[in-house]
Amino acid sequence: MPTWTKTVKRLEELRAEPLRGRVHVRTTRYHKADNQLGRGIIVVDGEKIWDFCHYRWLQQQGRALAYWRRTLGGVGGWGTTTS
C-alpha cells in the first residue's frame, strides 16, 4: 500500500492542469485519541470548501439513531433486543 505522501503526489499528477497547485487534500488523525479518529479537508485557492470530521459524523449518527429509536418506539427492530 502506498504511503499517504505518494498518494497525494499521485492525486496532484491526475488533476487537470488548471487545478494543479490550486486544489489540495489534507488529512490528519488525532494520535493521542483512543480511537485515532481524524479529519479531512479539501482546499481550493486557499479556501476550505469541504471539511469532514469523523468525530462529528459519529455524533450525528448517534443523534439520528436516538431519534429513530424514539420515533419508531422499537418498531421494526429499531431499539429492540431479541432473547
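These figures come from a predicted structure and were not determined experimentally.

Caption draft 1: Just the overall build of the chain, in detail. Of the regular secondary structure elements, the chain holds two helices and three strands. Sequence-ordered secondary structure for the chain, helices as α and strands as β, is α-β-β-β-α. Of all 83 residues assigned to the chain, the portion counted as buried reaches 11%. For the chain, restricting intrachain contacts to residue pairs at least 6 apart in sequence, the fraction spanning at least 24 positions comes to 0%.

Caption draft 2: Local environment of the pattern of salt bridges. According to the stated counting rule, one finds five salt bridges in the structure shown. For Arg22, the salt bridge is made with Asp45, and the minimal N-O distance between the two is 2.7 Å. One end of the pair, Arg22, is in the loop between helix H1 (4-14) and strand E1 (23-29); the other, Asp45, is in the loop between strand E2 (38-44) and strand E3 (47-53), and 23 residues separate them in sequence. Classification of Arg22 as partly exposed rests on a relative accessible area of 33%. Look at the salt bridges and you will find they share partners, linking Arg39, Lys48 and Asp51 into a network.

Caption draft 3: Inspection of unusual backbone geometry at higher detail. Backbone geometry at Asp45 places phi at a positive 50°, although glycine is not the residue there. A relative accessible area of 52% means that Asp45 is categorised as exposed.

About the thresholds
- Residues numbered from 1 in each chain as written.
- Predicted model: local features only at pLDDT ≥ 70, side-chain atom pairs only at ≥ 80, totals over all residues.
- Heavy atoms only, no water.
- Helix = DSSP H or I, 4+ residues; strand = E, 2+ residues; numbered from the N terminus.
- Buried < 20%, exposed > 50% of the residue type's maximum accessible area, 1.4 Å probe, protein only.
- Contact = heavy atoms within 4.5 Å.
- Salt bridge = Lys/Arg side-chain N within 4 Å of Asp/Glu carboxyl O.

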